[in-house]
Amino acid sequence: MQKHTAGTTDGPNAHTITILQQMADYYGQTGDEWRIRAYRKAMATLRNHPTKVSTKEEALALPQIGERLAIKIEEIATTSRLRRLDNAKAEPNDQLLQTFMQVYGAGMAKASEWVAQGHKTLDELLEKADLTVNQRIGIEHYEDFNSRIPRAEVEQHGAMVQQALHKIDPTFEVIVGGSYRRGAATSGDIDCLITRPDTGSAHLRVIVLEQLVPKLAAAGFLVAALASTNKDDGSKWHGASCLPGRKTWRRIDLLLVPSDEMGAALIYFTGNDIFNRSMRLLASTKGMRLNQRGLYKECLRGYRREKLSEGTLVEGKNEKKIFAALGVPWRIPEHRIC
Ligand code: DCP
Ligand code: MG
Ligand code: MN
């Protein structure tokens, strides 16, 4: 049952979608969020369209496809390629920039800086660039962090976390969210939501950050700590994990979720990001606000849509009740792909 999974495209517009995806990936590396959104919408339309779209006019007649994308769709349909993509691939500095931007934790700014400093390879960065500890880890494990994790392995990492946590306190729960919960065959990282009945963030923090993480690090499972935040609006720990007897390091996120917020957190951390955006937008059209902690009503906004009050909590605990309160039919995680 692996439908709706990114990367598995068939149908009459499969080739066009593949090329558009490559172009979107390219824009992804340049940080052009607005363009990526346009590409993803157009790809969704093409994925659902029963016949091959060959001309600009045909493309324009479909929802969510604008003039510029319609021209590109016609070019791909007639030439099987996209010149803009070929150009992007041929530009050496662009390629290098793309390579550097895929270093975990390095954004557009850092990658551009490395290109401007004249570094030509990842090895050169390791030898000559002034790197933070985490950037070094990101480069040393570049292949690991940029390879997809098979579903069965995601499960094993989740089980390691759960077993260790249950030894500390069997009432803790671990749910693997993200692309895994959406049913994807492979994931980019392992998103572990950690919660416990009737428990707030302070206790979760103590157990997870002061007991679980040190214990799993000592056991050799957690191999690097990359980032962590301990804020009122959510505590998380980002790092890397490695299964016993294996060499590949995987990116793992531990997301600490108070029991009262589990429903909203499940929605947020299941995604995908576009689905989340559409849910938030829907909430705001109904005068409500949805975030990873809950669904709120009566949040007053000023002229520039700035928040004037937090509003009253409508629902936070139960995922299905949040859908219901928003007036949206329940959608299983496997169908939350936009
Ligand atoms: N998320 C979001 N907006 C972001 C980042 C994340 O709404 N800017 C939410 C939706 C994601 C979830 O958090 O589904 C987990 O984030 P990941 O980056 O781990 O993304 P996925 O798990 O969806 O995909 P991948 O397989 O690449 O990890
Ligand atoms: Mg993920
Ligand atoms: Mn993640």
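Please read these numbers as outputs of a predicted model, since none were measured by experiment.

(A) Looking closely at the packing of aromatic side chains. Tallying each qualifying case throughout the model produces 7 aromatic pairs. Considering the side-chain rings of Tyr104 and Phe145, the 6.2 Å spacing of their centres and the 70 degrees angle between planes classify their relative orientation as edge-to-face. Remark: Phe145 occurs in helix α10 (residues 142-145) and Tyr104 occurs in the loop between α6 (92-101) and α7 (108-116); sequence separation between them is 41 residues. Assessed through its relative accessible area of 24%, Tyr104 is described here as partly exposed. Ring geometry for Phe275 and Phe323: centres 6.4 Å apart, planes at 25 degrees, overall stacked. Of this pair, Phe275 sits in helix α15 (residues 273-285) while Phe323 sits in helix α16 (residues 319-326), and the two are 48 residues apart along the sequence. As far as burial versus exposure is concerned, Phe275 and Phe323 are alike and both buried. Connected via pairs of aromatic rings, a cluster forms that spans Tyr26, Tyr27 and Tyr39. One Lys or Arg, Arg289, reaches over the ring of Tyr296 and ends 5.3 Å from the middle of that ring. Here the guanidinium or amino end of Lys320 rests over the ring plane of Trp330, the centre of that ring lying 5.0 Å away.

(B) Broad picture of the site of ligand 1. Taken together, 15 residues are adjacent to ligand 1, and Ser179, Arg182, Gly188, Asp189 and Asn276 come closest. Interatomic distance of 2.7 Å between a side-chain N/O atom of Asp189 and an oxygen atom of ligand 1. Burial of ligand 1 by the surrounding chains reaches 65%, relative to a free accessible area of 550 Å². Of all the secondary structure elements, the ones that give two or more residues to the shell around ligand 1 are α12 (178-181), α14 (262-270) and α15. It is α14 that contributes the most residues to the shell around ligand 1, 3 residues altogether. Taken together, the residues of the shell around ligand 1 sort by class into 2 nonpolar, 8 polar and 5 charged.

(C) Layout of the coordination of the magnesium ion (ligand 2). The coordination sphere of the magnesium ion (ligand 2), as far as protein atoms go, consists of Asp189 (OD) and Asp191 (OD), spread over 2.0 to 2.1 Å. If you look at the magnesium ion (ligand 2) and the manganese ion (ligand 3), they sit 3.5 Å from each other and are both ligated by Asp189. The class for Asp191 is buried, based on a relative accessible area of 12%.

(D) Focus on the pattern of salt bridges. Summed over all chains, the structure comprises 15 salt bridges. For Glu75, the salt bridge identified is with Arg83, shortest N-O distance 3.3 Å. When its relative accessible area of 16% is taken as the criterion, Glu75 is described as buried. When the shortest N-O distance is used, the salt bridge between Arg251 and Asp253 registers 2.8 Å. Since its relative accessible area comes to 8%, Arg251 is described here as buried.

(E) Seen up close, the environment of Ser201. When you line up the elements, Ser201 lands in helix α13 (residues 201-218). Along the primary structure Ser201 and Asn230 are separated by 29 residues, whereas in three dimensions their C-alpha atoms are 9.3 Å apart.

(F) Fine view of unusual backbone geometry. Of note, the amide linkage connecting Gly271 to Asn272 takes the cis form, showing an omega dihedral of 0 degrees. Even without being glycine, Ser80 reaches a positive phi, approximately 65 degrees. One non-glycine residue with positive phi stands out, namely Asp198, at about 50 degrees. Tracing the chain through its elements places Asp198 in the loop between β4 (190-195) and α13.

(G) Local environment of helix α4 (residues 67-79). Taking 1.5 Å of rise per residue, the 13 residues of α4 would be expected to cover 18 Å, and the 18 Å separating its terminal C-alpha atoms lies within 8% of that figure. Buried within α4 we find Leu69, Ala70, Lys72, Ile73, Glu75, Ile76 and Ala77. Here the buried face of α4 lies against α1 (14-30), α2 (33-48), α3 (56-60) and α5 (83-90). Immediately beyond the C-terminal end of α4, within one or two residues, lies Ser80, with a positive phi of roughly 65 degrees.

(H) Inspection of the coordination of the manganese ion (ligand 3) at higher detail. For the manganese ion (ligand 3), every protein donor is listed as Asp189 (OD), Asp191 (OD) and Asp253 (OD), and the spread of their distances is 2.0 to 2.4 Å. Linear spacing of the donor residues for the manganese ion (ligand 3) on their chain is D-x1-D-x61-D. Residue classification places Asp253 among the buried residues on the basis of a relative accessible area of 6%.

(I) Geometry of the side chain of Glu261. Relative to the helices and strands, Glu261 resides in the loop between β7 (250-256) and α14. Its relative accessible area of 14% is what places Glu261 among the buried residues. Apart from residues no more than four positions distant in its own chain, Glu261 is found in contact with Gln292, Arg293 and Gly316.

Cut-off values and rules
- Residues numbered from 1 in each chain as written.
- Chains lettered and ligands numbered in written order.
- Predicted model: local features only at pLDDT ≥ 70, side-chain atom pairs only at ≥ 80, totals over all residues.
- Heavy atoms only, no water.
- Phe/Tyr/Trp six-rings, centres within 6.5 Å; stacked < 30°, edge-to-face > 60°.
- Helix = DSSP H or I, 4+ residues; strand = E, 2+ residues; numbered from the N terminus.
- Buried < 20%, exposed > 50% of the residue type's maximum accessible area, 1.4 Å probe, protein only.
- Lys NZ or Arg CZ within 6 Å of the ring centre and 35° of its normal.
- Near = heavy atom within 4 Å.
- Polar contact = N/O pair within 3.5 Å; in protein donor to acceptor, adjacent residues only side chain to side chain.
- Areas by Shrake-Rupley, 256 points an atom, 1.4 Å probe, with all protein chains shown as cover.
- Nonpolar A, V, L, I, M, F, W, Y, C, P; charged D, E, K, R; others polar.
- Donors = N, O, S within 2.8 Å, 3.2 Å for Na, K, Ca; no water.
- Salt bridge = Lys/Arg side-chain N within 4 Å of Asp/Glu carboxyl O.
- Expected span 1.5 Å × (residues − 1).
- Contact = heavy atoms within 4.5 Å.

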